[in-house]
Amino acid sequence: MSGSTATSPTSAADTKILRDLELVKEKMDLCDTMLNPGFGETKISVNNSEAMLAVIGFLEACGPRMVELVEAAATGALSETVFAEALSVNDRLQKQLSD
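Right, let's walk through the structure included here. (Residues numbered from 1 in each chain as written. Predicted model: local features only at pLDDT ≥ 70, side-chain atom pairs only at ≥ 80, totals over all residues. Heavy atoms only, no water.)

**Focus: the pattern of salt bridges**
Move 1: Enumeration over the complete set of coordinates arrives at six salt bridges.
Move 2: Salt-bridge contacts for Glu85 lead to Lys25; the nearest nitrogen and oxygen are separated by 2.6 Å. With Glu85 in helix H3 (residues 80-98) and Lys25 in helix H1 (residues 2-35), this pair connects stretches of sequence that are 60 residues apart.
Move 3: The class for Glu85 is partly exposed, based on a relative accessible area of 23%.
Move 4: A salt bridge links Arg92 to Asp32; the nearest nitrogen and oxygen atoms lie 2.9 Å apart. With a gap of 60 residues between them, Arg92 in helix H3 and Asp32 in helix H1 connect regions that are remote in the sequence.
Move 5: You can call Asp32 partly exposed: its relative accessible area is 31%. (Salt bridge = Lys/Arg side-chain N within 4 Å of Asp/Glu carboxyl O. Helix = DSSP H or I, 4+ residues; strand = E, 2+ residues; numbered from the N terminus. Buried < 20%, exposed > 50% of the residue type's maximum accessible area, 1.4 Å probe, protein only.)

So, to be careful, I would describe these as geometric facts and stop short of saying anything about function.
So this is what it looks like as structure tokens:
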């Protein structure tokens, strides 16, 4: 019984973090779409769009948190699956922010 109790907090934490990572990926996808619209659609200006500034602000706020998450996951605080996903999302986020 203690084995299932020990895994429950980690599983709950993993589930929440995976949901949070999905939200970050959705915002990155939205940013990509806004910056690179489909053929015939108008490109959104980074400087003049409140929506674009809100998305970029959200992603910039996620940067330091993603680094902390990767560091915590590296210590074994989270599952291997969450660690791999956090690394992937962090790499994409850092690249997107630098662009």
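Still more ground to cover, so stick around.
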